[in-house]
Amino acid sequence: MAVIGAGFIGRRHIEFLRGHPQLSVVGAGDPFPAPYLAEMGVPHFNDYREMLDNLRPDGVIVATPNPMHEEVALACLERGIPALVEKPIAHTLESAARICEAAKRTGVPVLVGHHRRHNPLMRTASEFLRGGGIGKLLSVAAINLRRKPESYYNVAWKREPGGGPLLINAIHDLDCLRALCGEIDSVMAFTGNKARGFAVEDCAAIAIRFANGALGNLTLSDAVQAPWAWEMTAGEEGEYPREHEDCYLLGGSEGSLAIPTLTHVRNERGGGRADPFIRKELFYVAANPWIEELLHFSAVIRGEAQSMITADDGTRTLAAVLAVMRSADIGRPVDLNEMI
């Protein structure tokens, strides 16, 4: 594979590619050569198009800044090269639609990089819910509360709209909720910037109505000292201390499920006020979701699997987070079907 965009996420992909016996990285395209590329012995190309034409990689990971996703993805698809496009699929719905159209027209697969869906615990939870493990889904409570260091906002664009926790972090949570609970029908959101006073939000409260009738909420902040966020509870990011806490609570007619501990709670006697609850943790075998994503992409390239997260699917998640941002701006609910 080749990687286009040698920043933080690009480097992470390159390290995983180099460290896996079934995978390899043949080059990196970026106008600014990162010193680590030479240290790792990865060929560097200032012009990613030249790299595509000269190397003809089996697949490409697009890890550029969001506004470049469309340009790079289209260049790959027109050359018949499958693309793993990092989240979000694009920076606008119009741009995402052009990627979707190109994928359909060329028949070349696209995988959108919402890596959490490849986590075995997410797959276990999704299968359990689809199998009726908690009965009819009725209510969802999601939390993403943590505090980013002040140095995080030393970069100017992170202090402006689009650089905050909605587009950077909540898009992951909304994608997970889509995978767990089904499509999102509409949202109503409020945002605030009381903690830091920047133009960008630092807190958000989001009400969600799912297409299946379930109701939910997502509470978000990157300025709160708390451990209730996926990064600190799921254990997939080594740089965070793992907390045995939950960040998603799904309530159903026949029980409930807490994620990521995968604690299943139910009442055998019918749920009377004095009836005791029975708790158990669902079993799964842990694995690095980033590597699982790359292995899935490899299977897609070889024609052995269909893309788990297609361009159309990634566009639905982008629409969800943009609907949240729009709702916060106009002060009323936003129907996702009106946006796509």
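It should be emphasised that the depicted structure is a prediction, and the values quoted were computed from it without experimental measurement. (Residues numbered from 1 in each chain as written. Predicted model: local features only at pLDDT ≥ 70, side-chain atom pairs only at ≥ 80, totals over all residues. Heavy atoms only, no water.)

### A few points about the overall build of the protein
Reasoning step 1: On a plain count of helices and strands, the protein comes out with 10 helices and 16 strands.
Reasoning step 2: Taken over C-alpha atoms, the radius of gyration comes to 21 Å for the protein, in line with the 20 Å a tight globule of 340 residues would show.
Reasoning step 3: Across its three principal axes, the protein shows a C-alpha extent of roughly 70 × 45 × 40 Å.
Reasoning step 4: Residue pairs at least 24 apart in sequence account for 64% of intrachain contacts in the protein once pairs closer than 6 positions are excluded.
Reasoning step 5: Within the structure as shown, the protein displays about 15,300 Å² of accessible surface, and the carbon and sulfur contribution to it stands at 52%.
Reasoning step 6: Across the protein, the centroid of the 34 positively charged side chains sits 4 Å from that of the 42 negatively charged ones. (Helix = DSSP H or I, 4+ residues; strand = E, 2+ residues; numbered from the N terminus. Rg over C-alpha atoms; globule rule 2.2 N^0.38 Å. Contact = heavy atoms within 4.5 Å. Areas by Shrake-Rupley, 256 points an atom, 1.4 Å probe, with all protein chains shown as cover. Lys, Arg positive; Asp, Glu negative; His and termini not counted. Charge placed at Lys NZ, Arg CZ, Asp CG, Glu CD.)

### Considerations on the state of the cysteines
Reasoning step 1: Taken as a whole, this structure holds 0 disulfides when the rule is applied.
Reasoning step 2: We note that Cys100 lacks a disulfide partner, and the nearest cysteine sulfur, in Cys76, lies 15 Å from it.
Reasoning step 3: Owing to a relative accessible area of 7%, Cys100 belongs among the buried residues under this scheme.
Reasoning step 4: In this model Cys203 remains outside any disulfide bridge; the closest cysteine sulfur is found in Cys247, 17 Å from its own.
Reasoning step 5: With relative accessibility at 29%, the residue Cys203 sits in the partly exposed group. (Disulfide = S-S within 2.5 Å. Buried < 20%, exposed > 50% of the residue type's maximum accessible area, 1.4 Å probe, protein only.)

### Regarding the sheet that holds strand 4 (residues 60-62)
Reasoning step 1: In space, the 6 strands of this open sheet follow the order 3-2-1-4-5-6, with parallel pairing throughout. Two strands close off the open sheet at either side, each with one partner strand: strand 3 (44-45) and strand 6 (110-113).
Reasoning step 2: As judged from the 3 bridges shared by strand 1 (residues 2-4) and strand 4, these two strands associate in the parallel manner. By the bridge assignment, Ala2 is partnered in strand 4 with Val60.
Reasoning step 3: The strands that helix 1 (residues 8-19) touches are strand 1, strand 2 (27-29), strand 4 and strand 5 (83-86); relative to strand 1, the one it contacts most, it runs at about 170°.
Reasoning step 4: Against the sheet, helix 9 (residues 289-301) touches strand 4, strand 5 and strand 6, its axis set at about 150° to strand 5. (Pairing = 2+ DSSP bridges. Axes fitted to C-alpha atoms, helices over the stretch in contact; angles between N-to-C directions.)

What is shown is where atoms sit, not what they do.
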